[in-house]
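Below are the chains, spelled out letter by letter.
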Amino acid sequence: MLELLQKKLESVFRNLRGYGKLSEANVADALREIRLALLAADVHYPVAKRLCEEIQKSALGREALASIRPGDQFVKIFHDELVRLLGEGERGIRPERPIRLLLCGLNGSGKTTTAAKLALWFRKQHQKVALVAGDLTRPAAREQLQRLGEQIQVPVYSWPEGTPLETVVREGRARGERERVDVLIFDAAGRLDVDAELLEELAGVAGLWEPGESLLVVDAATGQVAVKVAEAFAAKVPLTGLVLSRADGDARGGAALSIQQVTGIPIKFLGVGEKPDALQAFVPERFVGRLLGMGDIVALVDRAQSEIDTQSMEEMAKRLKSNEFSLQDFLTQLRLMKKMGPLESLLALLPGLPGKEAVKVDEKKVKQVEAIILSMTPEERRRPGILNGRRRLRIARGSGTQVTDVNDLLRKFDSMRKMMRKISKGAGRGWPKLGFPGALSG
Ligand SMILES: Nc1nc2c(ncn2[C@@H]2O[C@H](COP(=O)(O)OP(=O)(O)OP(=O)(O)O)[C@@H](O)[C@H]2O)c(=O)[nH]1
Ligand SMILES: [Mg+2]
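Keep in mind the model is a prediction, meaning the values are calculated, not measured.

What counts as what
- Residue numbers run consecutively from 1 along every chain, following the written order of its sequence.
- Note on labels: chains are lettered from A, ligands numbered from 1, in written order.
- This being a predicted model, a pLDDT of at least 70 is required before a residue's local features are given, and a value of 80 or more before pairs of side-chain atoms are given or counted; all residues contribute to the totals for chains, interfaces and linings.
- With hydrogens and water excluded, all non-hydrogen atoms of the structure serve as input to the side-chain values.
- We count a stretch as a helix when DSSP gives it H or I for four or more residues in a row; a strand needs E for two or more, and each element gets its number in order from the N terminus.
- Burial classification: accessible surface area is computed with a 1.4 Å probe over protein chains only, and a residue below 20% of its type maximum counts as buried, one above 50% as exposed, and the rest as partly exposed.
- Contacts were defined at the residue level, with two residues in contact if any of their heavy atoms lie within 4.5 Å.
- The protein chains shown are the only cover counted for residues, whose accessible areas, like all others here, come from Shrake-Rupley with a 1.4 Å probe.
- What is meant by a nonpolar core is a set of buried Ala, Val, Leu, Ile, Met, Phe, Trp, Tyr and Cys residues, joined one to another through side-chain atoms within 4.5 Å.
- Strand pairing is assigned whenever DSSP detects at least two bridges linking the two strands.
- Call a crossover right-handed when, viewed with both strands pointing away from you, the route from the first strand across the helix to the second goes clockwise.
- Neighbouring residues are identified by heavy atoms, a residue being near a molecule or strand if any of them is within 4 Å of it.
- We call two N or O atoms a polar contact when they sit within 3.5 Å, provided that within protein one can donate a hydrogen and the other can accept it, with sequence-adjacent residues counted only if both atoms are side-chain atoms.
- Three residue categories are used. Nonpolar comprises Ala, Val, Leu, Ile, Met, Phe, Trp, Tyr, Cys and Pro, charged comprises Asp, Glu, Lys and Arg, and polar comprises the others, including Gly.
- All axes here are fitted lines through C-alpha atoms, helices being fitted over the stretch that makes contact, and every angle between N-to-C directions spans 0 to 180 degrees.
- Ring pairs shown here join Phe, Tyr and Trp side chains whose ring centres sit within 6.5 Å, with only the six-membered ring taken for Trp; geometry is labelled stacked below 30 degrees between planes, edge-to-face above 60, and tilted in between.
- Should an angle lie under 35 degrees it is considered roughly parallel, over 145 roughly antiparallel, and from 65 to 115 roughly perpendicular; all remaining angles are considered oblique.
- Note: crossing handedness is left-handed where the near helix turns anticlockwise from the far helix by less than a right angle, and right-handed where it turns clockwise.
- For this analysis, a salt bridge means a side-chain nitrogen from Lys or Arg found within 4 Å of a carboxyl oxygen belonging to Asp or Glu.
- Every residue gets a pLDDT, meaning the predictor's confidence in that residue, from 0 to 100.

### Section: the overall build of the protein chain
Alright, step 1. Along its length, the protein chain carries 19 helices and 8 strands.
Alright, step 2. Out of the 442 residues in the protein chain, the part that is buried amounts to 48%.
Alright, step 3. Residue pairs in contact within the protein chain that sit at least 24 positions apart in sequence constitute 74% of those at least 6 positions apart.
Alright, step 4. As displayed, the protein chain offers around 21,900 Å² of accessible surface, 51% of which is attributable to carbon and sulfur atoms.

### Some remarks on the nonpolar core
Alright, step 1. Ranked by internal contacts, the top residues of the largest apolar core, which has 77 residues, are F13, I34, F74 and F186.
Alright, step 2. Residue contacts for F186: discarding those within four places in its chain leaves L101, L102, L103, V132, G134, L165, V168, V169, V205 and W209.
Alright, step 3. One finds L101, L148, V156 and I185 within the second-largest nonpolar core, a separate group that totals 25 residues.

### Things to note about the pairing of strand β6 (residues 241–245)
Alright, step 1. In terms of burial, β6 is largely enclosed, as 5 of its 5 residues are buried.
Alright, step 2. One ladder, built from 5 bridges, connects strand β5 (residues 213–219) with β6; its direction is parallel. Along β6, the bridge assignment pairs V218 with L244.
Alright, step 3. As a crossover connection, the stretch from β5 through helix α9 (residues 225–236) into β6 is right-handed.
Alright, step 4. Note: β6 against strand β7 (residues 267–271), 3 bridges, orientation parallel. Each bridged residue has a counterpart across the sheet, and for V243 the counterpart in β7 is F269.

### So, the site of ligand 1
Alright, step 1. Surrounding ligand 1, one finds 20 residues, the nearest of these being K111, T112, T113, R246 and E274.
Alright, step 2. Between ligand 1 and the protein, one listed contact pairs an oxygen atom with a backbone N or O atom of G110 at 2.8 Å.
Alright, step 3. Contact between ligand 1 and G271: an oxygen atom at 3.2 Å from a main-chain N or O atom of the residue.
Alright, step 4. Expressed as a share of its isolated accessible area of 650 Å², the protein-covered part of ligand 1 is 82%.
Alright, step 5. Per-element accounting of the shell around ligand 1 gives the leading share, 4 residues, to helix α5 (residues 111–124).
Alright, step 6. For the shell around ligand 1, the per-class residue count stands at 2 nonpolar, 11 polar and 7 charged.

### Section: the sheet that holds β5
Alright, step 1. Overall, mixed pairing links the 8 strands, which are arranged β3-β2-β4-β1-β5-β6-β7-β8 in an open sheet. What marks the edges here is a single partner per strand, and that holds for β3 (156–157) and β8 (279–281).
Alright, step 2. Contacts between helix α7 (residues 165–178) and the sheet are confined to β1 (99–105), β2 (129–134), β3 and β4 (183–188), with β4 contributing the most and set at about 165° to the helix.

### Quick word on the packing of aromatic side chains
Alright, step 1. Scanning all chains against the criterion turns up 6 aromatic pairs.
Alright, step 2. Their ring planes at 85° and their centres at 5.2 Å tell us that W121 and F269 sit as a pair that is edge-to-face. Of this pair, W121 sits in helix α5 while F269 sits in strand β7, placing them 148 residues apart in sequence.
Alright, step 3. Judged by relative accessible area, which is 25%, W121 ranks as partly exposed.
Alright, step 4. Exposure remark for F269: the relative accessible area of 2% places this residue in the buried category.
Alright, step 5. Between F186 and W209, the ring centres sit 5.0 Å apart and the planes meet at 55°, which makes this aromatic pair tilted. In this pair, F186 sits in strand β4 while W209 sits in helix α8 (residues 196–209), placing the two residues 23 residues apart along the sequence. Judged on exposure class, the residue F186 and its partner W209 are both buried.
Alright, step 6. Every member of this aromatic cluster is reached through a ring pair, and the members are F13, F74 and F78.

### Describing the environment of S58
Alright, step 1. Looking at the secondary structure, you find S58 in helix α3 (residues 45–61).
Alright, step 2. Residue classification places S58 among the buried positions, given a relative accessible area of 12%.
Alright, step 3. Note: C-alpha distance between S58 and F74 (16 residues apart in sequence) is 9.4 Å.
Alright, step 4. Look past the residues within four positions of S58 in its chain and what remains in contact with it is I77 and E81.

### So, the packing of helix α4 (residues 70–87) against helix α11 (residues 284–292)
Alright, step 1. Where α4 meets α11, the axes come as close as 9 Å, and the angle between the chain directions of the two elements is 140°. Comparing the axis directions of α4 and α11 gives the class oblique. As α4 packs across α11, the resulting crossing turns out to be right-handed. From α4, V75, F78, H79, L82, V83, L86 and G87 reach across to α11, where they touch P284, E285, F287, V288, L291 and L292.
Alright, step 2. Looking at the contact of α4 with α11, its residues break down into 10 nonpolar, 2 polar and 1 charged.

### Concerning the pattern of salt bridges
Alright, step 1. This model, assessed by the stated rule, comprises 25 salt bridges.
Alright, step 2. Among the ionic pairs, D72 bridges to R69, the shortest N-O distance being 3.8 Å.
Alright, step 3. As a salt-bridge pair, D219 and R246 come within 2.5 Å of each other at their nearest N and O atoms. With D219 in strand β5 and R246 in the loop between β6 and α10 (254–263), the pair connects residues that are 27 residues apart, well separated along the chain.
Alright, step 4. Overlapping salt bridges bring together E54, K57, E81 and R84 as one network.

### Regarding the confidence of the model for the protein chain
Alright, step 1. In this model, the protein chain carries a mean pLDDT of 84, and residues with pLDDT of at least 70 account for 88%.
Alright, step 2. Every residue in residues 347–359 scores below 50 in pLDDT, and together they form 23 contacts with partners more than four places removed in sequence or on other chains.
Alright, step 3. The low-confidence segment residues 427–442 (pLDDT under 50) makes 41 contacts with residues lying over four places distant or belonging to another chain.

Shown next as structure tokens:
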């Protein structure tokens, strides 16, 4: 999918990489072209806009890496922002077993094929799987599933024509429990457009089936309407994931990708062919890597960047010890931490750190702290002592937070600094709970 977009991006990047230096105008031109290319690939307008804004912010805020061509650095920024955009939300199927899956979607979107693909997927992981023929609407739907079941050696629970849907749901569930099935997959009837009555019926099925995962199957080739469809389904059934079918085609595909941003439902699988084994877990890095086809450039910039990061961390560790650590350093550290995870960052450079236990960082809190510090003047970042009530109010307004949030951050920053001083004198104990990331969690 997204072949046209791929070609267009390639040419934008080729242009950019020709420049020895990038001006703001170069970046603006490139972003305009990228936005148009995204829209042409059917990416939802607000999503394309947001992505370009994020890239611009990131490109302007980034220091140039001396050893790297600016165009390459831009490619890397684009790569990272797209991965971030696609990377939100939980991936994979919940681990609890037994689990009931519900597959829903428009007519012909690929539900039945996906049901079989998933069944095979779990069977290969040595789980006991069964399929439930829940499409009583389309003639020959049960036979289709039966055939697929035989092909992948997975039992299909099926009831004779005329059996009420409710009975199929109840008895399907009961039989799955009786036979101690780990993964029970319900192939529901398709919906023609977003027919209210049929959606109501589906909601009824979901109510009785109580799925651990309900997946919406979306044809990657559907255009903008895909977003509306997903919203209509999501309003009736608590969806936990998306499957993009026919991702093997050369379709524009941008609409399907946008669903995740608009509805918050993560893409979990890609269907990449008609055969039962043509299913891939959706991994944002892999997907974007294939789209851009510039893995070596991304890796190169990554390496150069991590050298710089290591340098700036060492700088900061020094400043910490000499007690010059400012809010600006805190911000830099925060960004490094977002990128590398807390343990690889500054913490690892400090002496006296007990075990390498992971420290959870609350993303929302990080964004808020970032906004607050960015609303301060350089002077204020260096000398938080000058932050009186009036300044704090201004900062809160500028960052869309409350004065109490600003106060809270400053208090935590202060106690962190004191603690760091202690640690660098070798007197600190119990560090990870109160230390650096402590300012960000809770
Ligand atoms: N190329 C390709 N074809 C697919 C993919 N997934 C499904 N198809 C094909 O799409 C057609 C419809 O698939 P089904 O699984 O029957 O779709 P459905 O949603 O169950 O359809 P209804 O039950 O009629 O609503 C079949 O011919 C499948 O072989 C895919 O990932 N790639
Ligand atoms: Mg079907």
